[in-house]
Amino acid sequence: MSAKEGVFPCYENQFHVGATKESKTTIAECESFSISIDNGVETWNSFTEEGWQKALQTAKAITISVSAKRSIGDTGNDFVAGKWLANGQDAYAYFDWTFPDGTVVAWEKAVINVTNINGGDSTNVAPLEFDIVSNGKPTVTNPS
């Protein structure tokens, strides 16, 4: 059982990013995030089930979409923003997500997909919006 129980504010989720796990840092000015879990499910209808569908989940993918403000000079924010023109393996980065209960979900080579940088009205604070796209199975560490 975790040390924390009950409801919690979303800001207690924490993200870290870096070229490697050893160089990871937080990302300043993150405002909101959403999670999309894509589950590959194969279905079939066999004679033995008299037409009733059977199913097996065979794949997983996770995308974490983050909305932040561009903060020049913050190591994590600069690192993510620096991926805006990256392609191929240049878009890979270490990424981890620490849940409020202490669980850590990490990818050694997640894909950073910058979707908006510096745009907006003249009076807006410049955005930094990006997706973290899973690349392979994550390492999940549960709290002791």
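Rules used throughout
Residues numbered from 1 in each chain as written. Predicted model: local features only at pLDDT ≥ 70, side-chain atom pairs only at ≥ 80, totals over all residues. Heavy atoms only, no water. Helix = DSSP H or I, 4+ residues; strand = E, 2+ residues; numbered from the N terminus. Rg over C-alpha atoms; globule rule 2.2 N^0.38 Å. Areas by Shrake-Rupley, 256 points an atom, 1.4 Å probe, with all protein chains shown as cover. Lys, Arg positive; Asp, Glu negative; His and termini not counted. Charge placed at Lys NZ, Arg CZ, Asp CG, Glu CD. 1 Å grid on protein atoms, 1.4 Å probe; cavity = no way out; pocket = protein on both sides within 12 Å on 5 of 7 lines; lining within 4 Å. Points joined across faces, edges and corners; volume = space filled by probe spheres on them. Nonpolar A, V, L, I, M, F, W, Y, C, P; charged D, E, K, R; others polar. Pairing = 2+ DSSP bridges.

(A) The overall build of the chain, seen in detail. Secondary structure summary: the chain contains one helix and eight strands in total. Helices and strands appear in the chain in the N-to-C order β-β-β-β-α-β-β-β-β. A compact globule built from 144 residues should have a C-alpha radius of gyration of about 15 Å, whereas the chain, at 19 Å, is more than 25% larger. Along the three orthogonal principal directions, the C-alpha set of the chain runs to about 65 × 40 × 30 Å. By element, 51% of the accessible surface of the chain is carried by carbon and sulfur atoms, the whole surface being about 9,400 Å². In the chain, which carries 10 positive and 18 negative side-chain charges, the distance between the mean positions of the two groups comes to 5 Å.

(B) Highlighting the layout of surface pockets. By volume, the largest pocket amounts to about 220 Å³. Residue lining of the largest pocket: Cys-10, Tyr-11, Asn-13, Gln-14, Phe-15, Thr-26, Ile-27, Cys-30, Glu-31, Ser-32 and Phe-33, and that is the complete set. Those elements that provide at least two residues to the lining of the largest pocket are strand 1 (14-18) and strand 3 (30-45). If you tally residues by element for the lining of the largest pocket, the top one is strand 3, at four residues. Partitioning the lining of the largest pocket into residue classes produces six nonpolar, four polar and one charged.

(C) Looking closely at the pairing of strand 4 (residues 53-69). As paired strands, strand 3 and strand 4 are joined by 15 bridges and run antiparallel to one another. Bridge pairing in strand 4 links Ile-35 to Ile-64.

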